[in-house]
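Okay, here's what each chain looks like letter by letter:
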Amino acid sequence: MTVWRRFALVAALGLPGGVAYAGDQPVYAPAPGWVTVAKLDTAAPPGANGGLILYDVQQRIEGATVWSYVDSAMKLDTPEALSQNSNVTLAWGPDKGDLIIHELAIVRGNEVVDALAGGQKFTVLRREQSLEQRELTGILSATLAVEGLRVGDILRLRMSTTVKDDALGGRAQAVMPVVVEPVRLAAASYRLSWQKDAPTKWKLLAAETDAKAQRAGEFLELPIAMPLPKPPEIPEDAPIRFQRPPLIEASTFADWADVSKVMAPLYATGGTIADGSPLATEVATIAAATQDPLARAAMALQLVQDRIRYLAVGMDGGNYIPQSPNRTWEVRYGDCKAKTLLLLALLHKLGVEAEPVLAHAMLGDMVAQRVPSALAFNHVLVRASVNGESLWLDGTGLGTRLGDIRDTPMLGHVLPVRAEGATLMPVELRPPARPFIDLSMEADESTSVDLPSVIALNMVVRGPLASMMTLATSQLRPKEQRELTERFLQYYVGQAQYETLESTPDPADGSVTIKGRGLFTTGWKMEDRRTERWLSRVPQFISFQPDRARPAWTTIPVATSAPDLARYRMRIRLPDGGKGYVIEGDQAIDTRVAGFEVRRSMQMADGIITVEETLGTSGIEIPAAQVPADRDSVATLIARSPRMIAPENARRRWELRGAGSASQLDAINSIFTKAAATADEKNVTPLESSVSFRRGIGDYKGANEALTRQIAILPSLSAYLQRSAARKQLGDLAGALADAEAARKLDPSSPDAIFALAMLTAERGDVAKAAGLFDERIALGGKTRDDFRASKAVMVGEFGDSAAALSELDELIAAKPGSPYLLNARCWIKATRNVQVDTALKDCTSAMELSDSTAGILDSRALVWMRLGRDEDALRDLDAALLQDPGMGETRFLRAIVRKRMGKTEDAAADLAVARQLSPSTERDYARFGLKP
């Protein structure tokens with residue numbers, strides 16, 4: 001249609017005109033205007049939608065053409081609003097319709113300025129904004145920087161677009177967002193109209209409405225006032241069909257069968273693969289390989305998935321019309337339509353019954369509630385039938401192989417595309433045939449439950465995830481590949497320091513195998529004063545806590561996760577041959593609850609515990625009435641998940657000498673040594689992990705060496721302070737002081753650096769200089785002032801005038817009476833300096849009542865008991881503190897003194913040995929207070 005004929009059509013319909021873009025060329029011509037329903041009020045305050053004060057939308061279905069008219073006005077009442085809205089950008093699809101601009105005006109008081117009168121023209125651009133998502137749309141953008149705009153102006157735009165899609169066989173379809181509360185606009189409305197004899201269906205998805213179509217000449221009109229009431233709140237875990245997207249849609253399709261029939265010719269495969277063509281050769285290769293229709297379907301699907309990359313082409317009618325199989329094979333790219341047609345052609349040539357089905361990848365559960373139209377779908381795939389069984393074959397998928405070809409996508413309802421038409425069909429879900437994650441781990445924990453686990457792992461990844469990993473492996477350098485693999489594994493196995501790690505793709509199987517060996521954070525934790533570890537993945541991966549308490553929600557079911565399957569196997573080699581280690585919880589289970597499927601078996605022999613567990617999801621819906629029972633069942637499932645309980649005398653990290661098995665410890669040392677050699681400026685984690693380990697076992701010499709290497713590679717405040725602490729433990733006060741000074745040079749305001757430097761300065765005899773470090777920061781005031789006052793009091797209390805320190809703490813506590821830190825600090829100074837001991841007990845007890853963590857406070861109070869000569873009370877508190885944190889070296893030292901006083905010489909000697917290993921500086925420090933073993 002020529003430009004002038006198109007404008008003749010505009011005039012004949014009584015529709016507006018001003019600037020029209022027919023194809024991609026602008027033409028300027030006058031035309032009468034639409035009648036805007038919502039009226040512009042220039043005095044209206046800006047609404048909550050970015051200054052928008054008018055939003056009038058009208059859509060008209062005329063035969064196969066849909067006109068969409070928008071009249072909007074934006075109040076530019078601030079410099080920000082002016083900056084954000086002074087450029088106008090409008091988009092349209094030139095292969096399906098036109099963009100017509102009726103008015104672009106500046107409203108300034110009673111003056112209306114035509115923004116196009118001065119010869120300004122829109123610039124037409126083609127911007128492929130979805131190219132990164134592998135999509136070419138062909139959408140054009142008309143853009144204009146409006147001249148002369150000022151703060152306080154109103155920018156008004158009236159425009160129309162037309163859409164006619166020849167692929168729809170003369171049908172029309174429309175969808176438009178609507179405004180819903182709480183958005184507030186001064187004036188907003190929507191109107192849909194269609195020829196009175198046209199069989200048009202419409203539906204407002206956003207809310208229930210009593211709106212009715214009214215006769216208006218040769219048209220029926222449906223007016224809807226906006227904003228619409230806010231849709232009722234729906235739980236996030238409700239099925240999609242309960243959601244209310246802010247949309248209205250209309251269509252002239254008679255029903256779903258009509259949609260099916262209209263689409264059928266687009267997927268006809270007759271003659272699409274010519275004899276002797278390259279595609280015919282591929283067909284012959286598959287046919288020669290097997291007579292099994294299932295295997296043939298799998299090979300054809302693999303061909304389409306692996307050898308045709310995804311690229312959506314929406315231009316030149318491509319929204320619904322697929323490119324030909326020969327073209328797809330020639331260019332080696334295609335979208336879901338092209339891949340589906342190619343796969344259909346291959347399957348039909350191979351004698352496999354198959355048909356295309358339309359689907360919505362995200363809103364499939366809602367399709368049955370929508371108006372019949374092609375707009376209800378955004379995807380197409382193949383449904384093949386083999387031995388009476390439906391196979392859902394998606395050419396845009398990745399990694400599908402014969403072993404999992406029966407797996408089902410969670411698409412809700414789909415529409416088969418048939419020449420005779422079809423109705424909607426539900427996709428019946430089946431559990432995956434193969435685990436997407438298949439993880440086996442061998443853990444050596446034979447030396448101590450406190451040490452990092454030495455684990456060898458083997459993980460097989462299947463499905464789309466495996467394909468993405470294979471693609472990444474082919475595109476990344478080895479270092480980036482390893483980093484990607486480590487990040488992926490972290491979700492399943494936690495933080496780790498790997499000695500070896502490799503990924504091996506298996507294209508034939510559609511999988512990737514990851515093998516690695518390394519150190520993993522120990523799974524053993526102190527819970528309720530006992531050492532235990534989980535043996536099940538259930539607490540990590542399973543949760544079911546839907547809320548259906550509201551009266552309006554009591555009938556809404558719960559949507560569960562799409563079908564998934566994972567298998568885990570772990571063998572743990574325990575210390576002391578497993579002697580004294582027991583299992584609590586359900587060792588064997590086979591249950592289905594709340595959409596989850598759990599199978600577990602477990603055995604323990606020769607000091608090795610073996611756990612095999614399979615976790616799956618089914619995608620089923622849970623009826624609302626069943627939710628309470630399923631919540632209880634899942635809670636029970638988690639609570640009854642098996643845990644390994646270590647004996648009270650389990651070997652700890654400070655008891656490694658004379659360990660019966662040193663394999664775990666030897667492996668840890670070996671792996672840390674190798675990993676440290678790989679450290680560089682971008683990754684000092686291997687050295688940081690080594691420092692943490694060596695400090696934890698009391699190897700301060702090793703920690704000092706690792707920190708020295710780390711500082712040489714990447715100096716940091718933390719590294720200097722850690723080495724300062726290590727050197728103090730080793731008795732090197734000069735080195736410790738030098739490191740504290742280096743840390744403060746990196747950050748002169750760091751409270752940690754200032755405290756470390758001050759304490760070491762005071763320990764070397766210069767209390768006044770140490771106090772001056774704090775005084776500099778105290779004089780600055782601010783929020784940190786009292787923190788520095790407290791730190792100064794702690795330093796003075798240990799090395800200087802205890803009375804002055806206590807006086808300062810008295811003032812601080814008077815201002816902050818509920819601070820357990822300050823109360824404990826005052827208690828500790830009184831106990832160590834043996835002053836005001838009669839009041840120290842109250843300070844410690846008050847601190848304990850206010851604190852969630854009491855181990856350190858119990859240690860302070862124990863020293864008070866010791867000063868009071870009440871050793872039994874002291875021992876009780878020391879025992880309680882060590883139950884919370886058995887690795888407190890200072891507490892072990894105090895308990896050694898108490899036990900020796902009580903005549904428990906062997907126990908005292910054992911405590912002293914641990915104290916000297918974990919905190920060798922404690923004996924020197926406490927000697928200042930007259931505390932000697």
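Right above here is the structure, for reference.
Within every chain, residues take consecutive numbers counted from 1 along the sequence as written. Per-residue local features of the predicted model are confined to residues with pLDDT of at least 70, and side-chain atom pairs are confined, for both listing and counting, to 80 or more; whole-chain, interface and lining totals are unaffected and use all residues. As a convention, hydrogens and water are excluded, and side-chain values are obtained from all of the structure's heavy atoms.

Caption draft 1: A look at the sheet that holds strand E23 (residues 389-393). Only when DSSP finds a minimum of two bridges between them are two strands counted as paired. Each helix is a run of H or I in the DSSP string that is no shorter than four residues. Each strand is a run of E no shorter than two, and both are numbered from the N terminus. The 5 strands lie next to each other as E23-E22-E21-E24-E25, forming an open sheet whose pairing is antiparallel. Both outer strands of the open sheet, E23 and strand E25 (425-426), are each paired with one neighbouring strand and no more. Sheet topology note: the strand E24 (residues 413-416)/E25 ladder contains 2 bridges and is antiparallel. Bridge pairing in E25 places Val414 opposite Met425. Of the strands in this sheet, strand E21 (353-359), strand E22 (379-386) and E23 are in contact with helix H7 (residues 336-349), which crosses E22 at around 20 degrees. The contact definition used throughout considers only heavy atoms, calling two residues in contact when any of these lie within 4.5 Å. Only the contacting stretch of a helix is used when fitting its axis, a line to C-alpha atoms as for every element, and angles between N-to-C directions run 0 to 180 degrees.

Caption draft 2: Quick peek at the pairing of strand E16 (residues 219-225). Examined bridge by bridge, strand E13 (residues 187-195) and E16 share 7 bridges and lie antiparallel to one another. Across the sheet, Trp194 pairs through a bridge with Leu220, a residue of E16. In the sheet, strand E15 (residues 214-216) pairs with E16 via 3 bridges, with the strands oriented antiparallel. Along E16, the bridge assignment pairs Gln214 with Glu221. Connecting E15 to the antiparallel partner E16 that follows it, the hairpin turn spans 2 residues, and Gly217 within it adopts a positive phi of roughly 70 degrees.

Caption draft 3: Representation of the packing of aromatic side chains within the structure. Pairing of aromatic rings covers Phe, Tyr and the six-membered ring of Trp, with a centre-to-centre limit of 6.5 Å; geometry is then stacked below 30 degrees between planes, edge-to-face above 60, and tilted otherwise. In the structure shown here, the tally under the stated rule is 13 aromatic pairs. Ring centres of Phe541 and Tyr568 lie 5.9 Å apart, and the angle between their planes is 20 degrees; on these two criteria the pair is classed as stacked. Taken as a pair, Phe541 in helix H10 (residues 538-541) and Tyr568 in strand E33 (residues 564-573) lie far apart in primary sequence, 27 residues in all. Of the aromatic side chains, those joined through ring pairs into one cluster are Phe488, Tyr491, Tyr492, Phe541 and Tyr568. Only when the NZ of Lys or the CZ of Arg is both within 6 Å of the ring centre and within 35 degrees of the ring normal is a charge said to sit over the ring. Stacked on the ring of Phe219, the Lys or Arg Arg60 has its end atom at 4.5 Å from the ring centre. In this structure, Arg332 packs its charged tip against the face of Trp329, placed 3.8 Å from the ring centre.

Caption draft 4: Quick look at the packing of helix H21 (residues 820-832) against helix H23 (residues 855-867). At a closest axis distance of 9 Å, the pairing of H21 and H23 adopts a crossing angle of 30 degrees. Between H21 and H23, the angle falls in the class roughly parallel. You can see that H21 and H23 cross each other, and the crossing is left-handed. Residue-level contacts link Asn824, Cys827, Trp828, Ala831 and Thr832 of H21 to Gly856, Ile857, Asp859, Ser860, Leu863, Val864 and Arg867 of H23. Looking at the contact of H21 with H23 residue by residue, the class counts come to 6 nonpolar, 4 polar and 2 charged. Each angle receives one of four descriptions, namely roughly parallel if under 35 degrees, roughly antiparallel if over 145, roughly perpendicular if within 65 to 115, and oblique otherwise. The sense of a crossing depends on the near helix, which, turned anticlockwise from the far helix by less than a right angle, makes the crossing left-handed and, turned clockwise, makes it right-handed. Three classes are used: nonpolar for Ala, Val, Leu, Ile, Met, Phe, Trp, Tyr, Cys and Pro, charged for Asp, Glu, Lys and Arg, and polar for all others, with Gly counted as polar.

Caption draft 5: Looking closely at the packing of helix H8 (residues 464-475) against helix H9 (residues 478-493). Where H8 meets H9, the axes come as close as 10 Å, and the angle between the chain directions of the two elements is 155 degrees. By the angle between their directions, the pair H8 and H9 is classed as roughly antiparallel. Classified by chirality, the crossing of H9 by H8 is right-handed. Between H8 and H9, the contacting residues are Leu465, Met469, Ala472 and Thr473 on the first element and Gln481, Leu484 and Phe488 on the second. Class assignment of the residues belonging to the contact of H8 with H9 gives a composition of 5 nonpolar, 2 polar and no charged.

Caption draft 6: A look at the pairing of strand E35 (residues 589-593). With 5 bridges connecting them, E35 and strand E36 (residues 596-605) associate as antiparallel partners. Residue pairing across strands places Arg592 opposite Glu597, the latter belonging to E36. Connecting E35 to the antiparallel partner E36 that follows it, the hairpin turn spans 2 residues, and Ala594 within it adopts a positive phi of roughly 55 degrees.

Caption draft 7: Here's a closer look at unusual backbone geometry. Of note, the bond from Glu181 into Pro182 is cis; its omega dihedral lies within 30 degrees of zero at 15 degrees. Assignment of secondary structure puts Pro182 in the loop between strand E12 (173-177) and E13. For the bond from Met226 to Pro227, the omega torsion is 5 degrees, close enough to zero to count as cis. Within the element layout of this structure, Pro227 appears in the loop between E16 and strand E17 (247-251). Here Asn387, not a glycine, exhibits a phi torsion of approximately 55 degrees, which is positive.

Caption draft 8: Layout of the sheet that holds strand E28 (residues 496-506). Taking strand neighbours across the sheet as the criterion, the 8 strands line up as E28-E29-E27-E26-E33-E37-E36-E35 in an open arrangement whose pairing is mixed. Looking at strand neighbours, the two that pair on one side only are E28 and E35, the edges of this open sheet. Averaged over all adjacent pairs, the angle separating strand axes in this sheet is 10 degrees, with direction ignored. The pairing of strand E26 (residues 437-444) with strand E27 (residues 453-462) spans 8 bridges and is antiparallel. Directly across from Asp444, in E27, lies its bridge partner Val454. Contacts from H8 reach E26, E27, E28 and strand E29 (511-520), with the element oriented near 105 degrees to E27.

Caption draft 9: Representation of the pattern of salt bridges in the model. The working definition used for a salt bridge is a side-chain nitrogen of Lys or Arg within 4 Å of a carboxyl oxygen of Asp or Glu. Considering all chains together, one arrives at 68 salt bridges under this definition. Measuring nitrogen to oxygen at the nearest pair gives 3.6 Å for the salt bridge that ties Arg643 to Glu584. One end of the pair, Arg643, is in strand E39 (residues 643-645); the other, Glu584, is in strand E34 (residues 582-584), with 59 residues separating them in the sequence. In this scheme, a residue with accessible area under 20% of its type's maximum is buried, one over 50% is exposed, and one in between is partly exposed, where area comes from a 1.4 Å probe on protein chains only. Assessed through its relative accessible area of 14%, Arg643 is described here as buried. Glu584 sits in the partly exposed class, given a relative accessible area of 29%. Taking the shortest distance from any N to any O, the salt bridge between Asp843 and Arg826 comes out at 2.8 Å. Note that Asp843 is positioned in helix H22 (residues 837-850) and Arg826 in helix H21, a separation of 17 residues in sequence. On the basis of relative accessibility, which here comes to 5%, the residue Asp843 falls in the buried class. Residues participating in the shared-partner salt-bridge network are Lys728, Glu763, Glu798, Asp925 and Arg928.

Caption draft 10: Spotlight on the side chain of Arg383. Secondary-structure assignment places Arg383 in strand E22. Arg383 gets classed as buried once you look at its relative accessible area, which sits at 13%. The term polar contact refers here to a pair of N or O atoms within 3.5 Å; inside protein, the definition further demands a hydrogen-donor-capable atom paired with an acceptor-capable atom, and it admits residues adjacent in sequence only when both atoms are side-chain atoms. In terms of polar contacts, Arg383 uses its side chain to reach the side chain of Ser390, at 2.8 Å. If we ignore the near neighbours within four places in the chain, the residues touching Arg383 are Glu353, Ala354, Glu355, Val357, Ser390, Leu391, Trp392, Arg418 and Met425.

Caption draft 11: Highlighting helix H19 (residues 785-799). Working rule for helices: expected span equals 1.5 Å times residues minus one. A rise of 1.5 Å per residue sets the reference length of H19, with its 15 residues, at 21 Å; its end C-alpha atoms lie 21 Å apart and thus fit the reference within 8%. Its buried side turned inward, H19 meets helix H17 (751-763), helix H18 (767-779), helix H20 (802-815) and H21.

Caption draft 12: Here's a closer look at the side chain of Thr531. Mapped onto the secondary structure, Thr531 falls in strand E31 (residues 530-534). Once residues within four sequence positions are removed from consideration, Thr531 is found in contact with Val449, Trp524, Lys525, Met526, Met644, Ile645, Ala646 and Arg652.

Caption draft 13: Summary view of the state of the cysteines. By definition, disulfides here are pairs of cysteine sulfur atoms that lie within 2.5 Å. Overall, the coordinates contain 1 disulfide when judged by the stated rule. Sulfur-sulfur distance for the disulfide between Cys827 and Cys844 comes to 1.8 Å. Taking the torsion about the S-S bond as the criterion, the Cys827 to Cys844 disulfide, at about -90 degrees, is left-handed. Placement of the pair is Cys827 in helix H21 and Cys844 in helix H22, with a sequence separation of 17 residues. There is no split in this pair, since Cys827 and Cys844 are both buried.

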